[in-house]
Amino acid sequence: MGVTNDIIYVGVNDHKIDLFEGQYIVPNGMAYNSYLIMDEKIAIMDTVDRNFTHEWLDNLEKALQGRKPDYLVVQHMEPDHSANIANFVKTYPDAKIVSSQKAFVMMNQFFGTDFADRQVVVAEGSTLELGKHVLNFVAAPMVHWPEVIMTYDSTDKVLFSADGFGKFGALDVEEDWACEARRYYIGIVGKYGAQVQAVLKKAANLDIQIICPLHGPVLKENLGYYIGLYQTWSTYQQETEGIVIAYTSVYGNTKKAVEKLADLLKEKGCPKVVVNDLARCDMAEAVEDAFRYGKIILATTTYNAEIFPFMREFINHLTERNFSNKKVGLIENGTWAPMAAKVMTGMLEKCKNLTFADNTVHIKSALNDESNAQLEALAEEFCGEYQARAAETADKNDLRALFNIGYGLYVVTTNDGKKDNGCIVNTVTQVTSSPNRVAVTINKDNYTHHVVEQSGIMNVNCLSVEAPFSVFEKYGFQSGRSVDKLADVEELRSDNGLRFLPQYINAFFSLKVENYVDLGTHGMFICSITESRVITKAETMTYTYYQNNVKPKPETEGKKGYVCKVCGYVYEGDELPDDFVCPLCKHGAADFEPIG
Ligand code: FEO
């Protein structure tokens, strides 16, 4: 088979193989690729598996057309490619072996000799001239052994990619590339995403027209598709939208829960639900699915104070391949002392960027009303985004969306002619850049609104993430009419005579009011900047950061009622009056939410 005018395929198909690499079933066999580059000098790219010595040597002999090879390039020492190095040397005693230093060490281990009399050691950046073809070597350590080199023929623009871009399956069987390439990649190279990324970066600088891997077909068209998939796989990103449920079940009760969950997920708009029974499916396929989809739900039983063995094996496969960037849900079953959810969480704790679902399903032997409700809640949590995306199921008046606008938090300082004042606002926006204008919107109930209306100036102090809760208590939960908020604060003034804060800010602006927009409950001051200083490099305090890291968690344990989302004040009672005003921060009933 001609790859180009000068490059000839001399590899073999293996349909007798039991398990590839001793563990992977390969229903459509396997291909061990080898290539011959015909030029003034002749190079052979890799050998094949030990069961195909003579078929390969016959292929070589035929392609050589009476000539003798000058070089055997050994890109990878795993025996499916290197097993016939010694046989090659016996057949072609004048040929040299071109490989990395590490590969020659491995040859010594495999064959008892490192072929010192015919070694040509190459490394990153080395070249080998064959005539019009020049081979450029690219180090590709851990893709997927440490000695691997890839080879770029700059004449025909061919990348010989070693195991990269390989797949399970012999070449005389027609099948989808991605399915078996993904199972191969995740199973065999999945752990080495960072190393694959390094090679992809090098490849991006090469003009590649053809990829010749050591397994699977030669890739000649649409290379962006294959490289794009490698980009996704090696960065552990979601390839396909959907949810995988991986489960084990001893007597069928966990299976029943999984089947019910699968139905719920489909009903709630999940575009693809994949269910794998880990005791019966191909484990490599289940592992592949776990990496392919963005969300996974693990369901298993407690077993020997641990988890069922197939689930343990499955999670080990995930963690040893750097499983990351997923949403994870858990279903546990146990008749006494259930532990499965805890054990699974512990096994996954070192994985990067996993988001565990708020809802976990706890089955005690068999589904009941409580665990059915938990299944429903888990399905709702996993499918919320699908429902929100679809026009038919979306809540189109969900005003919680407003909380997702990113706000900073600021102290606006003013002076009413008698005393300095400061108040917290979260509504500061730069609205134009030429000239620079800033809009500050303030509730008319705040004394600060009145003072700015009168004075026409203010300072906006940009709070940094270093600001403690006491800053919010001081400037946010009391009125400047009755309290001198800045009495105990070191006095620092900007050129407009107003105070700026000595601590917990990363910048401040002095603003002069140019325009005022009456917004009913609030007034918007559109201002020019008269002074602006950067104080520190600390990050700006956002509303989200305040909520997650600064505001003390409200003590709602054992209480019934409502909690203020702004300051955490707890109102105990069955009904919150509509006109209720928080005694701490003065926010109204709209800023309260029910406890629990
Ligand atoms: Fe195809 Fe890593 O051997």
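Report on the accompanying structure. (Residues numbered from 1 in each chain as written. Predicted model: local features only at pLDDT ≥ 70, side-chain atom pairs only at ≥ 80, totals over all residues. Heavy atoms only, no water.)

What to know about empty space enclosed by the protein
- Scanning the model with the defined rule gives three cavities of 30 Å³ or more in all.
- Of the voids in this model, the largest cavity is the one considered here, and its volume is about 100 Å³.
- Contributing to the lining of the largest cavity are 13 residues, with Met150, Phe165, Val199, Leu200 and Tyr230 lying nearest its centre.
- Counting only elements with at least two residues in the lining of the largest cavity, the list comes to helix H6 (193–203) and helix H7 (223–234).
- Per element, the largest residue contribution to the lining of the largest cavity is four residues, and it comes from H6.
- Residues that form the lining of the largest cavity fall into these classes: twelve nonpolar, one polar and no charged.
- Roughly 50 Å³ of volume is contained in the second largest cavity.
- Arg182, Ile186, Thr232, Trp233, Tyr236, Gln237, Glu239, Phe291 and Arg292 are the residues that line the second largest cavity.
- Contributions of two or more residues to the lining of the second largest cavity are made by helix H5 (177–189), H7 and helix H9 (283–292). (1 Å grid on protein atoms, 1.4 Å probe; cavity = no way out; pocket = protein on both sides within 12 Å on 5 of 7 lines; lining within 4 Å. Points joined across faces, edges and corners; volume = space filled by probe spheres on them. Helix = DSSP H or I, 4+ residues; strand = E, 2+ residues; numbered from the N terminus. Nonpolar A, V, L, I, M, F, W, Y, C, P; charged D, E, K, R; others polar.)

Topic: the pairing of strand S12 (residues 134–139)
- Summarising the sheet, strand S11 (residues 127–129) and S12 pair through three bridges and their orientation is antiparallel. Paired with threonine 127 across the bridge in S12 is asparagine 136.
- For S12 and strand S13 (residues 149–153), the ladder comprises five bridges, and the chain directions are antiparallel. Across the sheet, phenylalanine 137 pairs through a bridge with threonine 151, a residue of S13. (Pairing = 2+ DSSP bridges.)

Quick look at the nonpolar core
- Leu36, Leu60, Leu298 and Phe314 are the most contacted members of the largest nonpolar core, which totals 95 residues.
- The dominant element in this core, judged by the number of residues it contributes, is H5, at eight residues. (Core = buried A, V, L, I, M, F, W, Y, C linked by side-chain atoms within 4.5 Å. Buried < 20%, exposed > 50% of the residue type's maximum accessible area, 1.4 Å probe, protein only.)

With respect to a negative patch on the surface
- Together, Asp574, Glu575, Asp578 and Asp579 make up a region of like negative charge exposed at the surface.
- Tracing the backbone shows aspartate 579 in the loop between strand S31 (570–572) and strand S32 (592–594).
- Overall, the relative accessible area of 66% leaves aspartate 579 in the exposed class. (Patch = residues over 30% accessible without salt bridge, like charges linked within 9 Å, V, L, I, M, F, W, Y side chains within 5 Å. Areas by Shrake-Rupley, 256 points an atom, 1.4 Å probe, with all protein chains shown as cover. Salt bridge = Lys/Arg side-chain N within 4 Å of Asp/Glu carboxyl O. Lys, Arg positive; Asp, Glu negative; His and termini not counted. Charge placed at Lys NZ, Arg CZ, Asp CG, Glu CD.)

Quick notes on a nonpolar patch on the surface
- A contiguous nonpolar patch, built from Leu399, Leu402 and Ile405 and spanning about 310 Å² of accessible area, is present on the exposed surface.
- Residue placement: leucine 399 occurs in the loop between helix H12 (369–389) and strand S23 (410–415).

A word on helix H8 (residues 253–267)
- Between its first and last C-alpha atoms H8 spans 21 Å; for 15 residues at 1.5 Å apiece the expected length is 21 Å, and the two agree.
- Taken residue by residue, H8 has Thr254, Ala257, Val258, Leu261, Ala262, Leu264 and Leu265 as its buried positions. When H8 is viewed along its axis, its buried side chains cluster within an angular range of 165° and face the same direction. Those residues of H8 that are exposed and aimed more than 90 degrees away from the buried face are Lys256 and Glu267.
- Contact partners of the buried residues in H8: strand S16 (240–247), strand S17 (273–277), strand S18 (293–303), strand S20 (326–333), strand S22 (361–363) and H12.
- Glycine 269 sits one or two positions beyond H8 and adopts a positive phi of about 95°. (Expected span 1.5 Å × (residues − 1). Arc of directions from axis to C-beta. Contact = heavy atoms within 4.5 Å.)

Regarding helix H1 (residues 53–64)
- Between the first and last C-alpha of H1 there are 16 Å, a value that for twelve residues agrees with the 16 Å anticipated at 1.5 Å per step.
- Of the positions making up H1, those classed as buried are Thr53, Trp56, Leu57, Leu60, Ala63 and Leu64. All buried residues of H1 lie within an arc of 130° about the axis, which places them on one face of the element. Across from the buried face of H1, at angles greater than 90 degrees, the exposed residues are His54, Glu61 and Lys62.

Let's talk about the sheet that holds S23
- Taken together, the seven strands give an open sheet; going across it, the order is S24-S23-S27-S28-S29-S26-S25, and neighbouring strands pair in antiparallel fashion. A single partner strand is all that each edge strand has here, and the edge strands are strand S24 (420–425) and strand S25 (428–433). Across this sheet, the average inter-strand angle for adjacent strands is 35°, counted without regard to direction.
- Sheet topology places S23 next to strand S27 (residues 457–463); four bridges connect them, and they run antiparallel. Across the sheet, valine 412 pairs through a bridge with valine 460, a residue of S27. (Axes fitted to C-alpha atoms, helices over the stretch in contact; angles between N-to-C directions.)

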